[in-house]
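# Observations on chain architecture
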Amino acid sequence: MLVRRPDNPRVAISAGPRGAFREDVLVEAPAVGRPRPSAVRRQESWLAWGLLTPTLLVILFLVAYPFFSAIYLSLQDKMVGAPGRFVGVANYLDLLRDEVFLRTAWNSVLYTAVAVGLKFVLGLTMALILDQPRRLNNVFRTLLFVPWAVPVVIVALNWRWIFDDLSGFLNNFLITFHVTSDIVSWLSDPRLAMACVIAVVVWSGTPFYSMTFLAGLQAIPKELYEAAEIDGASTLQQFFFVTIPRLKTIFLTTVMLSTIWTATNLQFVLILTKGGPASRTEIFPHLAYTTALGARRLGMGAAISLVFFPVLVVLIVLLTRRMLRSADE
Amino acid sequence: MVRTTSGSRRILKWIGNGLLVVLLVWTLLPFYWMIATSLKADREIYGFEATLYPHRPTLAAYGRLFGTTPFMKYVRNSTIIAIGNTVLSLAFGCLGAYALARLRFPGRALIARGLVVTYLVPPALLFIPLFAVMSVLRLIDTHQGLILAYLSFSVPFSTWLLMGYFRSVPLELEEAALVDGCSRLGSLVRVILPMSLPALAVVTFFSFTQSWNEFLYANVFVNSVEVRTITMGLSLFVVEDVFFWGPMMAASFLSTLPPLVMYLIFQRWVVKGLTLGAVKG
């Protein structure tokens, strides 16, 4: 609900959350200068389109066109290097009957939910710890955020080496200190493989959560805690009634962004397990990858990658709305 | 009541310290193992004599990396592509962001929305059709092809981020410049850019590290050793399921350095740009 302020039409009053009112400078207000003749405006319009041309070309040719051609491709039986035949929704119907696909669907949900959940808990813990006053906190923060800067491929290779059956750090360590006498096949044991993959995803992705949560924590005015303390709120109550409500927006944005990125990242699986053992760690993006490039079935690969898109669309729409709103603030 | 709070705060502080140690071990252990492995001789890496730390540290793995693998070629390719992408993202981003932040024209809101959507569409969805596009344009196995592919995520991000920042530059400054006879582009270069250095730093950081770290497109659009980037090259150190872990860890360590150094330099500004400006404060 926007109401223009009578004394200044460039400022709008809008109802914020919980009945608070907020004044915004209207975005559509003329950027520079006062009302101008239409010739100047037309010139400005031309300039704008000129400046935006490279960006628009990128959006159109590198994202929009490929996206729609993915849909078209998924309706064909196209192989790499051969013309495709239009087959309607046959690819999708085949998928629904495919056991590997159904297992992949379940794996993808499990993988994404558990990984995002753990990253959230660990990220919040990390942020709360780093928000406590402590000497050298800057150093600890820098160290804890380092995994975020490491290329994912290197993270995955590094952990693959840690999990290595014969000479990896884990087995090496466990045997040296007599925790086990047999080697554990971390990545090839059907019961352990998924847990190991998720552990690596969590290791790599937690800093992103901590960073955004910490930024949110530090933006909470200290007076709120002082007021709560005077009112007799315990530390726990302060956490639930001051901290959590203040972080709610950041929680949502972070989780939604991370869900998109986690669900569609195939690098961890590709390098750690290749979807094995027996498809136990197979997830959609990796299955699409192996189908399109390994089996060279481009049409089917496109269909697989599009199957999980409807869920992403919901997230993308919600996130877009949020980001546009926050940009207008 | 107030006393209880300070008491429980002390307990929390010690719990915090304890957890901090656990988290530091969890975070740093893989780095320890990476660097330790890179400093070992093969004898200490494999088999029954494998050790938890290098008993006789040696740089042999680094020697093998530079002597017998095309690692330097990979470094060159990654550098060319990351720098090319960064320069183009900055240029396209500044121009587009200025139009969106300061000019009035029909379709502006739509483009702003398109940018966010574009940024959020994951590469996992695009790589198959993009592969077809690249084949048609004969851009497979070229630096240009990969730079172009990376623009698909770096341009929407930079334009969006810079747009938010340009808007926060006071209008009056630009109006003064325009009245003094500065052109639009002149005021972008002389007024807005100098005031947007933190945002330019974030864009530089993200474009560079994202291109340097990218793997999926690098894997799909490049086969030739001459164009192969580090991330792809590293994963190919595996020969017939045999990993050469010494040189591999040496290479991992060295290839982590550029993004790591950039992170250390830019970390002050980077957090703000993390979620595309969605996190305020």
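Residues numbered from 1 in each chain as written. Chains lettered and ligands numbered in written order. Predicted model: local features only at pLDDT ≥ 70, side-chain atom pairs only at ≥ 80, totals over all residues.

## Remarks on the overall build of chain B
Quick reminder of the rule: Helix numbers and strand numbers start at the N terminus; a helix is a DSSP run of H or I with at least 4 residues, a strand a run of E with at least 2. Both definitions apply: the radius of gyration is a C-alpha atom measure, and the globule rule equals 2.2 Å times residues to the power 0.38. Our exposure labels follow a C-beta count within 10 Å of each residue's own C-beta, placed from the backbone: buried means 20 or more other C-beta atoms, exposed means 12 or fewer, and partly exposed covers the counts in between. Throughout, a pair of residues is in contact if the C-beta atoms placed from their backbones lie within 7 Å.
Helix and strand counts for chain B stand at 13 helices and zero strands. Sequence-ordered secondary structure for chain B, helices as α and strands as β, is α-α-α-α-α-α-α-α-α-α-α-α-α. In terms of C-alpha radius of gyration, chain B reaches 24 Å, well past the compact-globule figure of 19 Å for 281 residues. Expressed along its principal axes, the backbone C-alpha trace of chain B runs to roughly 75 × 75 × 35 Å. With 281 residues in all, chain B has 47% of them scored as buried. If you take every contact in chain B between residues at least 6 apart in sequence, the share linking residues at least 24 apart comes to 76%.

## A few points about the overall build of chain A
Across its full length, chain A holds 13 helices and three strands. Within chain A, buried positions represent 39% of all 329 residues. Taking the contacts inside chain A whose residues are at least 6 apart along the sequence as the reference set, 61% of them involve residues at least 24 apart.

## A word on the interface of chain B and chain A
Which entries qualify depends on this criterion: Asp, Glu, Lys and Arg are counted as charged, while Ala, Val, Leu, Ile, Met, Phe, Trp, Tyr, Cys and Pro are counted as nonpolar; the rest, among them Gly, fall into the polar class.
If you look at the interface, chain B gives 93 residues, while chain A gives 87 residues. With 18 residues, the top contributor of residues to the side of chain B that touches chain A is helix α1 (residues 2-38) of chain B. For the side of chain B that touches chain A, a count of residues per class yields 60 nonpolar, 24 polar and nine charged.

## Points about the domain arrangement of chain B
Often, the extent of an interface is quoted as the loss of accessible area upon association of its parts. Residue and element names in this part refer to chain B. Quick note on the threshold: As annotated, the domain borders come from an automatic or database domain assignment.
Under the domain assignment, chain B is made up of domain 1 (2-60) and domain 2 (70-273). If you average the C-alpha positions of domain 1 and of domain 2, the two centres end up 33 Å apart. On the domain 2 side, the residues contacting the seven residues of domain 1 number six residues. Of all the elements in the fold, those that place two or more residues in the side of domain 1 that touches domain 2 are α1 and α2 (42-45). Among the residues making up the side of domain 1 that touches domain 2, the classes are represented as three nonpolar, two polar and two charged.

## Some remarks on the environment of Ile283 of chain A
Within the secondary structure, Ile283 of chain A is located in the loop between α10 (267-272) and α11 (284-294). Taking the C-alpha atoms as reference points, Ile283 of chain A and Thr104 of chain A, 179 residues apart in sequence, are found 5.0 Å from one another.

## Considerations on unusual backbone geometry
Residues and elements named next belong to chain A. Following Gly276, the chain continues into Pro277 via a peptide bond in cis, with omega recorded as -10 degrees. Take Pro277: it is sitting in the loop between α10 and α11. Positive phi outside glycine occurs at Leu136, with the angle close to 65 degrees. Take Leu136: it is sitting in the loop between α3 (99-131) and α4 (137-145).

## A word on the confidence of the model for chain A
Low pLDDT means the predicted coordinates in that region are not meant to be read closely. Definition in use: pLDDT is a residue-level measure of predictor confidence that goes from 0 to 100.
Averaged over every residue, the pLDDT of chain A is 84; the share at 70 or more is 88%. Counting contacts from residues 1-30 of chain A, a segment whose pLDDT is below 50, to residues more than four positions away or on other chains yields 29 contacts.

## Examining the packing of helix α4 (residues 71-102) of chain B against helix α7 (residues 143-168) of chain B
All names here are of chain B. Applied cut-off: An axis is simply a line fitted to the C-alpha atoms; with a helix, the fit covers only the stretch in contact. Between two such axes, the angle follows the N-to-C directions and lies from 0 to 180 degrees. Each helix crossing is assigned a hand: it is left-handed if the near helix lies turned anticlockwise from the far helix by less than a right angle, otherwise right-handed if that turn is clockwise.
Interhelical geometry of α4 versus α7 gives an angle of 35 degrees and a closest axis separation of 6 Å. The two elements α4 and α7 meet at a crossing, and its hand is right-handed. Looking at the contact of α4 with α7 residue by residue, the class counts come to 18 nonpolar, 10 polar and two charged.

## Describing the nonpolar core
The following threshold applies: By our criterion, buried Ala, Val, Leu, Ile, Met, Phe, Trp, Tyr and Cys residues that link up through C-beta atoms within 7 Å make up a nonpolar core.
Counting 158 residues, the largest nonpolar core has Ala156, Val197 and Val200 of chain A together with Tyr98 of chain B as its most contacted members. With 15 residues, the single largest contributor to this core is α7 of chain B. Those residues in contact with Val197 of chain A that lie beyond four places of it in its chain are Phe268, Val269, Leu272, Thr273 and Thr281 of chain A.

## Some details on the packing of α11 of chain A against helix α12 (residues 298-307) of chain A
Residues and elements named next belong to chain A. Heads up, the rule is: Each angle is binned into one of four classes, with values under 35 degrees roughly parallel, values over 145 roughly antiparallel, values of 65 to 115 roughly perpendicular, and all other values oblique.
In the contact formed by α11 and α12, the axes pass within 7 Å of each other and the chain directions differ by 170 degrees. With respect to each other, α11 and α12 are oriented roughly antiparallel. Between α11, through Phe284, Pro285, Leu287, Ala288, Thr291 and Ala292, and α12, the contact on the second element is made entirely by Leu298, Met300, Gly301, Ile304, Ser305 and Val307.

## Describing the environment of Phe127 of chain B
Residues and elements named next belong to chain B. Assignment of secondary structure puts Phe127 in helix α6 (residues 123-136). In this structure Phe127 comes out as buried when scored by C-beta crowding, with 27 C-beta atoms within 10 Å. With sequence-adjacent residues up to four places away left out, Phe127 is seen in contact with Leu216, Tyr217 and Val220.

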